[in-house]
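So you can see what is in the structure, the chains are spelled out below.
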Amino acid sequence: MTRTGTNLLGLVKHSAAMETLYFGVVFGRPFEQELPYVGDGAETNADMWATADETREEIVGLYRRAIAHADMTIEALALDEVGRVAWWGDAAVTLHRVLVHVIAETQRHAGHADIVRELIDGAAGLLPRNDNLPPADESWWLDYRRRVEQAALDASRRDN
């Protein structure tokens, strides 16, 4: 995990929670399960990590159910259907706006997950057979990382 606690299961749990809120609560279509780690009275960032009592299977299953719930909302409503986002100051928003927002948020968290996964297993790139990275060996990558880090250090000294 990162210094701020960002971790793979937490990203999945958070994404599930956001889908249930944006495609459920916002449009008056509550999710089948109450999530005690979101909403009023929830501990700060409680949706960003798995407790000792939550299994990977439970969290992934929750995300799959949240996606199915979102799909039902998307299929049932017109793109110009209006909902209200309480955590945006009770703003009126269309389903179209919510779709764009959730796509952007999911894409951002997928990037976070890719970085965390690289920290865990060292794997990088798009696909095992097409990693879209420069063809280089481990020594090249070590030197490259050293040069990137040195440039950042040099820049920080220059700016002070």
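Rules and cut-offs
- Position numbers for residues count from 1 along each chain, tracking the sequence in the order it is written.
- Restriction of local features to residues with pLDDT of at least 70 applies here, the model being predicted, together with a cutoff of 80 or more for giving and counting side-chain atom pairs; totals for whole chains, interfaces and linings are based on all residues.
- Side-chain numbers come from the whole structure's heavy atoms, not from hydrogens or water.
- Per the convention used, a helix needs a DSSP run of H or I reaching at least four residues, while a strand needs a run of E reaching at least two, with both numbered from the N terminus.
- In this analysis, two residues are considered to be in contact whenever any of their non-hydrogen atoms come within 4.5 Å of each other.
- Any two strands between which DSSP finds at least two bridges are classified as paired.
- The set of buried Ala, Val, Leu, Ile, Met, Phe, Trp, Tyr and Cys residues whose side-chain atoms join them within 4.5 Å is what this entry labels a nonpolar core.
- Think of it in three bands: with a 1.4 Å probe and only protein chains considered, a residue is buried below 20% of the maximum accessible area for its type, exposed above 50%, and partly exposed in between.
- Only C-alpha atoms enter the line fits that serve as axes; for helices the fit covers just the stretch in contact. Angles between N-to-C directions range over 0 to 180 degrees.
- To sort the angles, those under 35 degrees are grouped as roughly parallel, those over 145 as roughly antiparallel, those from 65 to 115 as roughly perpendicular, and the leftovers as oblique.
- Crossings are sorted by hand: turned counterclockwise from the far helix by less than a right angle, the near helix makes the crossing left-handed, and turned clockwise it makes it right-handed.
- The nonpolar class holds Ala, Val, Leu, Ile, Met, Phe, Trp, Tyr, Cys and Pro. Asp, Glu, Lys and Arg form the charged class, and all remaining residues, Gly among them, are polar.
- In this scheme, patches are assembled from residues that exceed 30% relative accessible area and form no salt bridge. Like charges are connected within 9 Å, while nonpolar side chains (Val, Leu, Ile, Met, Phe, Trp, Tyr) are connected within 5 Å.
- For every accessible area listed, the method is Shrake-Rupley and the probe measures 1.4 Å; residues are considered covered only by the protein chains on display.
- Whenever Lys or Arg places a side-chain nitrogen within 4 Å of a carboxyl oxygen from Asp or Glu, that contact is recorded as a salt bridge.

(A) Quick peek at the side chain of Asp-47. Here Asp-47 shows up in the loop between helix 1 (8-22) and helix 2 (56-76). Beyond its immediate chain neighbours, meaning those up to four positions away, Asp-47 contacts Gly-10, Lys-13, His-14, Ala-17, Met-18, Tyr-37 and Val-38.

(B) Here's a closer look at the pairing of strand 2 (residues 91-94). Pairing of strand 1 (residues 82-85) with strand 2, which is carried by four bridges, proceeds in the antiparallel orientation. Residue pairing for strand 2: Arg-84 is matched across the bridge by Ala-92. Counting the residues in the hairpin turn of strand 1 and strand 2 gives five residues, including Gly-89, whose phi is positive at 75 degrees.

(C) Quick look at the nonpolar core. Core analysis: the biggest nonpolar cluster contains 24 residues, and Tyr-22, Phe-23, Val-26, Tyr-37 and Val-98 have the highest contact counts within it. Taken together, the elements giving at least two residues each to this core come down to helix 1, helix 2 and helix 3 (95-121). Considering each element in turn, this core owes the most residues, five residues, to helix 1. Ignoring sequence-local partners within four residues, the contact set of Phe-23 consists of Arg-29, His-69, Ala-70, Thr-73, Ile-74, Leu-95, Val-98, Leu-99 and Val-102.

(D) Structural context of unusual backbone geometry. Positive phi, normally seen in glycine, also occurs at Asn-45, with a value near 65 degrees. If you trace the backbone, Asn-45 turns up in the loop between helix 1 and helix 2. Residue Asn-45 is classed as partly exposed on the basis of its relative accessible area, which comes to 47%.

(E) Structural detail: the packing of helix 1 against helix 2. Here helix 1 crosses helix 2 at 30 degrees, and the two axes come no closer than 8 Å. Classified by the interaxial angle, the pair formed by helix 1 and helix 2 is roughly parallel. Considering only the axes of helix 1 and helix 2, their crossing is left-handed. Where helix 1 abuts helix 2, its residues Leu-9, Val-12, Lys-13, Ser-15, Ala-16, Glu-19 and Thr-20 lie against Arg-56, Ile-59, Val-60, Leu-62, Tyr-63, Ala-66, Ile-67 and Ala-70. Per-class residue counts for the contact of helix 1 with helix 2 are ten nonpolar, two polar and three charged.

(F) Layout of a nonpolar patch on the surface. On the surface, a nonpolar cluster with roughly 260 Å² of combined accessible area is contributed by Trp-140, Tyr-144 and Val-148. Along the chain, Val-148 turns up in helix 4 (residues 138-159). Using a relative accessible area of 44% as the deciding quantity, one classes Val-148 as partly exposed.

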